[in-house]
Every structure is written in C-alpha cells, then in structure tokens.
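The primary structure of each chain is shown beneath.
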Amino acid sequence: MTGTLFFIQVLNGLQLGVLLFLIAAGLTLVFGVMDFINLAHGVQYMLGAYLAVAFYGLVGNFLLALILALAAALAFGLLLEFLVLRHLYGRDHLDQVIATFGIILFLNHAVRVVWGAAPLTLPVPDAFTGSVQLAPGQLYPVWRLVIIGSGIAVATGLYVLVTYTRIGMLVRAGATNARMVSVLGVNIERLFTIVFGFGTMLAGFAGVMIAPIISVEPGMGTNILILALVVIVIGGIGSIRGAFVAALLIGLVDTLGRSFSVDLLRVVMAPSPARMVGPAIASMLIYVLMAIVLYLRPAGLFPARGR
Amino acid sequence: MSGGASVAVGRAGPLRSSRDVLPALIFLAFALLPIFAGLTAQRYLVDSGMRIIVFAVAAVALDLIVGYAGLISFGHAAFIGLGAYAVGILSAEGIGDALVALPAAIAVSMLFAWITGIVCMRTKGVYFIMITLAFGQMVYFIATSLARYGGDNGLTIAARSTIAGFSLLKSDTTFYYFSLLCLVATYLLCHALIASRFGRVLRGARENPTRMATIGFTVRRFQLVAYVITGGLGGLSGFLLANSTEFVAPAYMAWQQSGELIVIIILGGVGTLDGAIIGSAAYLIVEDRLSGLTENWQVIFGPLLVLVVLFARGGLMGLSALLWRRLSHA
C-alpha cells in the first residue's frame, strides 16, 4: 500500500520534472547563448495554455488545437523578440530583468482582460481520458503518463538535435563562448532568434500539455518560472543535460517532500506541530537544495560556459 | 553595470554643491507634505507619503548593494519581513517598545544577512541573484509556518511601538516625521559610506574585481559588510512598515516584493541614492493613479517599464540629466 503510494508520487514527481524541463530547456539556452535573462519565459507557458483553450473552443479537436497553439505561441514569441528583446542584447542584466518583468505584468493582466479572471479548463483528449490500475484500488490517469512520455520524447529529440546536428553544435559552442562563435563567422543573432523561437514553443507546449489537468488562470506562469530558474541554476546555465537532471531532481524532491514531509516529521515530533511545520519545510526543500548546490558548486552541476 | 548612472556621487556633508540641492528639495517636499495635506484636507496624502518613505528606506538600502557594489540581490524583501516580524512577534509577546523592537528588527536582519551573505558571496552574477532569492523564499516559508504568529494570514499588531513607555508615535503625523527622520538618516549613512574609502573599494570591485583583488583588497569581505548594512537598513524599513500598517504578513517577503524594489531602483536610476527615493515615489504614485483608472493597471504599467528600459537609460535620474543637458545647450 505505502509502496504503491510512493510509486504514484514518484510518477507525479517525474511529471512535474518533465514539465519543468520543457520550460527550463528554452530558458537555459537563451541564457547560455546570449547571456539574456528572459523572465517572460513563464508567461509563454501560460499563453500556450490559454491559446490551447481558445483554439480548442474554435476547432473542437485537441491535436489541431495543439498545433495551432504552438504556431501562435511561436509567432508571438518571435514578435516579442523582434519588438523588444532584440534591443536588449548586450545590455545590463538589470535592464533585461525589468523589461521582461514589464512584459510579465502586461501579459498576466492582458489575458485577464481578454479571457477574464476566472480559471478556464481544457478537457482531456478522448483517447486518453481513462486511468490505469497500478495496484488494486490505485488508479493513475493516463494523461499524466502521456505528459511524462511526451516530455521524455522531447528531451531525447533535443539531445539528438544538440549533440548530432550542425545547429546543435553551434548552440553548444554559443553557450560556451558566444563571441568566439561570432568571430568565426556565424550569425549569432540569427542563431539566437532560432533558439529563442524554439524555446518559446517548448514552453508553450508545456502549457498546452498541462492545461487539461490544472486550471488555466492568469499568473500560472509566474511560480513555474521561479521553479524553472531554480532548475537552470542548479543544472548550470546553458547546459541542456544539466537542465534535464536538475528538472527531474526538483520535480521529485518537491513532490515527494510535499507528500511525505508531515509523515516523516511525525516520527520525531507531535502530530499537530508536524502538520504545521511539514508544508513549510516541503516548500523550502528545493531552495535549500539550490543553496547547498551553489555553495558546493557556485556555477551549478554542469557548467557550460568555459572561461 | 549601467554606465552613466553612477555619476551623481557627491561628497558627504551638508550642502556643498548644486548636487546636494536635489536631496534637500526631496526631503523638504516630504517634510511639507503633511502640512499641505492638512491645509487641503487630503488626509490620504500622509498615508501615501508614509508608504513612499517606507519603500524609499528599503530602496536606498538596496541601491547600496545593487547600484554601488554591483550585486543584484533578489531577496531584499526578506530583510523587510524580518524587521516587520521582529516588531510583530515582540508585540505579541507583550514587548511593544521601540527601544527594544527597533534594535531587534535591525539586529535580526543584519544577522540573517551576515549568515546568508557568507554563502551568497561565493557566487557571482546570475547565481548570486538566484541564491539571494532562495534565502528569501526560505524565510517566506518559515513565516507561513509560524502558527503561533498567524501563519499564512499574518498577525495584527495591538498598538504602535512606544518609546521608553510613552506612546510618542501614536499620532500618524508624528510617526510620519519619525519615519522621515529614519529616511534622512539612512540616506546620510549610505551617502557617507559611498563617499568613503569603503565605498570606493566597493565601486572599484564592481568595475573590476580582479584588479581590486590584485591591489590587495579582500573584495568579498567588503561586499559582505555592505550586504550586512543593506540588510540592517532593510530591517529598519520593516520596523517602519509594521508600525505604519500595524500588521505583518508573510506577503511582505514574497519574491514579488523583492522584484518590485528592484524595479523601483531601476526606475529611479541605479547607483543614485536620490533616484531610489524618486523611484519609490514615482512607482507608488503611478501605481495609485493607474489603479484608479482601471482594475488591470498593469496592462499600462508593464509597457511603460519596457519603454523606460528601451529609451530612458539610467532611469528617471538619467532622463532628467539628459533633459538638463539638452536645455543648457539650447
């Protein structure tokens, strides 16, 4: 019984982990290649979810809505890059933080104006509505397994892309030393636009995939952004491999911490303080983890930037 | 760091040059505000002024570490929260005197800054931003777990702090002037620090840490001291915040608060103490005006921030310097 519960929570942790990876992948590449802090990455995730709901309302088919939402998210990301972000390369980190913070404020409330403040929902596609039985009486929704599967598929595809293709080689080189790549005759700005558009689409994809199991609401991208930042910092900025390892680590630590902290604390303290302190400790765990990692390895687990 | 922003560093001391006119004007405006509010019967102006002062104390302190030491701290709200909780918890335990609460608020924040600062100073750049955020979040979650002191919902303070047993700060106007005094003291302290040898080492390390280390300075130690001072002043701001609202809550140390403070100092102009105060005033006034216009005022404010970054380098201080140059050349 407890064993199955543990297994279910591990699956939930993996699901959060792959979701974080989809968001962190774009963030860490943009960061690594152009040294650009894009706080607006989280709202792309929110936008993906909203667009999916909107297109689903129009076409009534999840797959079609997914494709349309991804295309729209990509178009919007490129527009944003063209209008604002492009002018901020090479500027101070603080300037980038504030400009993208302004974009967050704008989009968080723009969706409120367009779609209202009330949470929206997206139905799970018909083919995946059921549950699988993990043990007698323990059901697990298929859609969560689909999220895990698609996340791992994307991660594998990304790994192949980054490791074996020419553009992947340029991305890795850019993350290590952008100026050198530029001097060698590569149009680094165009490379960045490609990476940025791709990252935007991945974040949008994460938003579409999660939309059927959470409520789609303004501000949903903000907390996930902080988690994604924690992920890329633990993993080492610019490293896809680091982002993958750290995303799964954070997903598991956070989920398992929340599920079992109270039970674990009850071993050493009375039930009522344990119920009070447990959730706080669980919420804190990932930050403690980050502080420890940065104390031991000030540039993350897999530092990409070679200096 | 944003290059032209750090020009307005004058010598410490009372009115020596035209550079000192601006802060004098700012503080004069603050001092006259309650009188103006009284004459025009707009009491809410004092409340708005109070909020601006509380934020300005925190922003000036933050500018010391961000603008002059070049370390972007994303956990400044934690210090404010610690200061505020020091007041709240002491008051809940029956100690409502500023002679205890004020030193406690500052000491707790400084201690926290010192302990976490030792870890933070190991990292650089973005990693520093994130580790300060991490510590800020830890304090936030600890505050939400304090069941005895309100947990998530926060805690109402029975009465404003007394001074040596006398309720000297009871009237809003008196407390306003007390807070203004704190702001002036914070300003003068930071001003003196920046102009001193200590401040020059900090600025030198911001421009080129390797060179400063080669000259023979232990850069990290200077930065740690600056961080501890910033933390202590953040605690002071928390003391004022708790007493002005007579309420403390974990929300005071949410990371959004830290973000807001960074926005404030950038809006005013990083590396100018005057800019930190002007930024607080501008931010809170714009917020107040826009939220009167529409519920979703951020739809207007967000693009405004983007425009400031794109077209007004150095924030409002940079913008006014530019205008001044244009005018004097015309």
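Residues numbered from 1 in each chain as written. Chains lettered and ligands numbered in written order. Predicted model: local features only at pLDDT ≥ 70, side-chain atom pairs only at ≥ 80, totals over all residues.

**Here's the deal with the overall build of chain A**
The number of helices and strands found in chain A is 11 helices and 2 strands. Written out in order from the N terminus, the α and β elements of chain A read α-α-α-α-β-β-α-α-α-α-α-α-α. Its C-alpha atoms give chain A a radius of gyration of 20 Å, within 12% of the compact-globule value 19 Å for 307 residues. With the C-alpha coordinates of chain A rotated into their principal frame, the extents come out at 60 × 50 × 35 Å. Relative to its 307 residues, chain A shows a buried fraction of 48%. (Helix = DSSP H or I, 4+ residues; strand = E, 2+ residues; numbered from the N terminus. Rg over C-alpha atoms; globule rule 2.2 N^0.38 Å. Buried ≥ 20, exposed ≤ 12 C-beta atoms within 10 Å, placed from the backbone.)

**With respect to the overall build of chain B**
In terms of regular secondary structure, chain B is built from 13 helices and 2 strands. Counting only C-alpha atoms, chain B reaches 55 × 50 × 40 Å along its principal axes. Evaluated residue by residue, chain B yields a buried proportion of 51% over its 330 residues. Sequence-distant contacts, at least 24 apart, represent 78% of the contacts inside chain B between residues at least 6 apart. (Contact = placed C-beta atoms within 7 Å.)

**A closer look at the interface of chain B and chain A**
Contact residues are listed per partner, giving 35 residues for chain B and 38 residues for chain A. Of all elements in the fold, only helix H5 (125-144), helix H10 (255-268) and helix H12 (298-311) of chain B reach the threshold of two or more residues within the side of chain B that touches chain A. It is H5 of chain B that provides the largest number of residues to the side of chain B that touches chain A, a total of 11 residues.

**Quick notes on the packing of helix H9 (residues 220-235) of chain A against helix H11 (residues 271-296) of chain A**
Residue and element names in this part refer to chain A. It is at 10 Å that the axes of H9 and H11 come closest, and there the two elements cross at 25°. The angle between the axes of H9 and H11 places the two elements in the roughly parallel class. You can see that H9 and H11 cross each other, and the crossing is left-handed. Contacts between H9 and H11 involve Val230, Val233 and Ile234 from the former and Ile286, Met290 and Val293 from the latter. A per-class count over the contact of H9 with H11 returns 6 nonpolar, no polar and no charged. (Axes fitted to C-alpha atoms, helices over the stretch in contact; angles between N-to-C directions. Parallel < 35°, antiparallel > 145°, perpendicular 65-115°, else oblique. Left-handed = near helix turned anticlockwise from the far one by under 90°. Nonpolar A, V, L, I, M, F, W, Y, C, P; charged D, E, K, R; others polar.)

**A few points about the confidence of the model for chain B**
Residue and element names in this part refer to chain B. When the pLDDT values of chain B are averaged, the result is 88; 94% of them are 70 or greater. For residues 1-15, every residue scores under 50 in pLDDT, and the model assigns this stretch 37 contacts once sequence neighbours within four places are set aside. Across the assembled chains, the prediction reports ipTM 0.80 with pTM 0.85. (pLDDT = per-residue confidence, 0-100.)

**Structural notes on helix H2 (residues 44-68) of chain B**
Residues and elements named next belong to chain B. Relative to the 36 Å expected for 25 residues at 1.5 Å per residue, H2 spans 35 Å between its end C-alpha atoms, a close match to the ideal helical length. Its maximal kink placed at Leu62, H2 deviates by approximately 30°. Burial of H2 is extensive: 19 of the 25 residues sit out of reach of the surface. Within two residues after H2, Gly70 carries a phi angle of roughly 70°, on the positive side. (Expected span 1.5 Å × (residues − 1). Bend = angle between axes of the 7 residues up to and from the residue.)

**Observations regarding the pairing of strand S2 (residues 138-141) of chain A**
Residues and elements named next belong to chain A. Bridging between strand S1 (residues 131-135) and S2 involves 4 bridges; their strand directions are antiparallel. Paired with Gln133 across the two strands is Leu139, which belongs to S2. The turn joining S1 and S2, which pair antiparallel and follow one another in sequence, is formed by 2 residues; a positive phi near 85° is taken by Gly137. (Pairing = 2+ DSSP bridges.)

**A closer look at the packing of helix H1 (residues 2-34) of chain A against helix H6 (residues 166-176) of chain A**
All names here are of chain A. Running from amino to carboxyl end, H1 crosses H6 at an angle of 60°, the nearest separation of the two axes being 6 Å. Taken together, H1 and H6 sit at an angle that is classed as oblique. By crossing handedness, the relation of H1 to H6 is classed as left-handed. Across the interface between the two elements, Leu29, Gly32 and Val33 from H1 touch Val171, Gly174 and Ala175 from H6. Split by residue class, the contact of H1 with H6 holds 4 nonpolar, 2 polar and no charged.

**Some thoughts on the environment of Ala246 of chain A**
All names here are of chain A. Checked against the element boundaries, Ala246 lands in helix H10 (residues 240-268). Residue class for Ala246 comes out buried when judged on the 31 C-beta atoms lying within 10 Å of it. Sequence-wise, Ala246 and Ile148 are 98 residues apart; in three dimensions their C-alpha atoms are separated by 16 Å. Those residues in contact with Ala246, other than ones at most four positions away along the chain, are Val231, Ile234, Gly235 and Leu301.

**Brief notes about H12 of chain B**
For H12 of chain B, which comprises 14 residues, the first-to-last C-alpha distance of 19 Å matches the rise-based estimate of 20 Å (1.5 Å per residue) to within 8%. Restricting attention to buried positions, one finds in H12 of chain B the residues Gln298, Gly302, Leu305, Val306, Val308 and Val309 of chain B. Down the axis of H12 of chain B, the buried side of the element spans an arc of 155°, and every buried residue falls inside it. On the buried face of H12 of chain B, the contacting elements are helix H4 (93-115) of chain A together with H10 and helix H13 (315-329) of chain B. (Arc of directions from axis to C-beta.)

**A look at unusual backbone geometry**
All names here are of chain B. In this model, Ala41 sits at a positive phi of 55°, which is unusual for a non-glycine residue. Mapped onto the secondary structure, Ala41 falls in the loop between helix H1 (21-39) and H2. The backbone of Glu246 shows a phi angle near 50°, a positive value even though the residue is not glycine. With respect to the secondary-structure elements, Glu246 resides in the loop between helix H9 (219-245) and strand S2 (247-248). Among the residues examined, Glu246 registers 15 C-beta atoms within 10 Å and is labelled partly exposed.

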